[in-house]
Structures are given as structure tokens and as C-alpha cells.
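# Per-entry structural report
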Amino acid sequence: MNNSEYNKAENAVDNTENSLKNAADNAKWKAEELSDRAKDYINEKRSNDEEATHEDWLDRVKNNASDTWDDIKDKANDAWEKTKDAAEDVKAEWNKKTN
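Residues numbered from 1 in each chain as written. Predicted model: local features only at pLDDT ≥ 70, side-chain atom pairs only at ≥ 80, totals over all residues. Heavy atoms only, no water.

## Some details on the overall build of the protein
Along its length, the protein carries three helices and zero strands. Accessible area of the protein: about 7,500 Å², with a carbon and sulfur share of 46%. (Helix = DSSP H or I, 4+ residues; strand = E, 2+ residues; numbered from the N terminus. Areas by Shrake-Rupley, 256 points an atom, 1.4 Å probe, with all protein chains shown as cover.)

## Here we look at the pattern of salt bridges
In the structure shown here, the tally under the stated rule is three salt bridges. A salt bridge links Glu-50 to Lys-45, with the nearest nitrogen and oxygen atoms 3.1 Å apart. Its relative accessible area of 42% is what places Glu-50 among the partly exposed residues. Note on Lys-45: relative accessible area 12%, which makes it buried. Residue Lys-45 is joined to Asp-56 by a salt bridge in which the shortest nitrogen-to-oxygen separation is 3.4 Å. A residue pair is termed long-range when its members are at least 10 positions apart, and Lys-45 in helix H2 (residues 34-47) and Asp-56 in helix H3 (residues 54-98) qualify at eleven residues. Judged by relative accessible area, which is 25%, Asp-56 ranks as partly exposed. Each of Lys-45, Glu-50 and Asp-56 takes part in a single network of salt bridges with overlapping partners. (Salt bridge = Lys/Arg side-chain N within 4 Å of Asp/Glu carboxyl O. Buried < 20%, exposed > 50% of the residue type's maximum accessible area, 1.4 Å probe, protein only.)

## Details of the packing of aromatic side chains
This structure, assessed with the given rule, holds one aromatic pair. Aromatic side chains Tyr-41 and Trp-57 sit 5.7 Å apart centroid to centroid with 35 degrees between the ring planes, which places their arrangement in the tilted category. Of the two residues, Tyr-41 sits in helix H2 while Trp-57 sits in helix H3, which places them 16 residues apart along the sequence. When its relative accessible area of 14% is taken as the criterion, Trp-57 is described as buried. (Phe/Tyr/Trp six-rings, centres within 6.5 Å; stacked < 30°, edge-to-face > 60°.)

## Regarding the packing of H2 against H3
Describing two packed helices takes the angle between their axes plus the distance from one axis to the other. Viewed as axis vectors pointing N to C, H2 and H3 meet at an angle of 130 degrees, and their least axial separation amounts to 11 Å. Classed by the angle they form, the pair H2 and H3 counts as oblique. Where H2 crosses over H3, the handedness of that crossing is right-handed. Residues Leu-34, Arg-37, Ala-38, Tyr-41, Glu-44 and Lys-45 of H2 lie in contact with H3, whose contacting residues are Asp-56, Trp-57, Arg-60 and Val-61. By residue class, the composition of the contact of H2 with H3 is five nonpolar, no polar and five charged. (Axes fitted to C-alpha atoms, helices over the stretch in contact; angles between N-to-C directions. Parallel < 35°, antiparallel > 145°, perpendicular 65-115°, else oblique. Left-handed = near helix turned anticlockwise from the far one by under 90°. Contact = heavy atoms within 4.5 Å. Nonpolar A, V, L, I, M, F, W, Y, C, P; charged D, E, K, R; others polar.)

## Topic: a negative patch on the surface
Residues Asp-70, Asp-71, Asp-74 and Asp-78 make up a contiguous surface patch of negative charge. Taking relative accessible area as the criterion, Asp-70 reaches 34% and is therefore assigned partly exposed. (Patch = residues over 30% accessible without salt bridge, like charges linked within 9 Å, V, L, I, M, F, W, Y side chains within 5 Å. Lys, Arg positive; Asp, Glu negative; His and termini not counted. Charge placed at Lys NZ, Arg CZ, Asp CG, Glu CD.)

## Let's talk about unusual backbone geometry
A positive phi angle, close to 55 degrees, is found at Asp-49, a residue other than glycine. The residue Asp-49 is located in the loop between H2 and H3 in this model.

Next comes the structure, spelled out in C-alpha cells:
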């Protein structure tokens, strides 16, 4: 069996892992930034003479998390398709060799 087909499958898996890691690393608001973002939110409301509310703050965080989830989901879907395609190539190559 051609090792290049196996290598393609392994590379697709590696690319999947890297895509997901990059998506998580590039999330708009990382957990360690949330306290700074909360302070910024409170200061923004104060400077606009508005009330800072827990619900409003959580809505902002939820919207950001939703955007981040969409990014991760898209990258995971792309990685799945590439991995699936590589696995099918390996299977086809194996079938050619064994038939």
C-alpha cells in the first residue's frame, strides 16, 4: 500500500488538531480577559451615565461566546471533511491493493 495515502490521512488529522487549537486560541475573549472586559463594561456604563447590569454583561459574554462557538464549529466541520476525505482515499487505496 502506498504510504503517501497514509501520510495524507495523518496530515489531515494533524490539520484537524491544529485548526481546533487555533480556533480556541483565537477566541475573541479568553477566560483570563473576562475580568478586564467586565471592568471596561462597568466603566463604559459609568461614563455614559447608564446602569451596569448583570444581565446586560452576561448578554455581551453570551454573544461573544456564540460567535466563538460558530468559528470553532466551522473549523471543526472543515477539519472533519478533510479527515474524512483522506480516510476514504486510504480505504480506496487499500481496496485496490487487496482486490
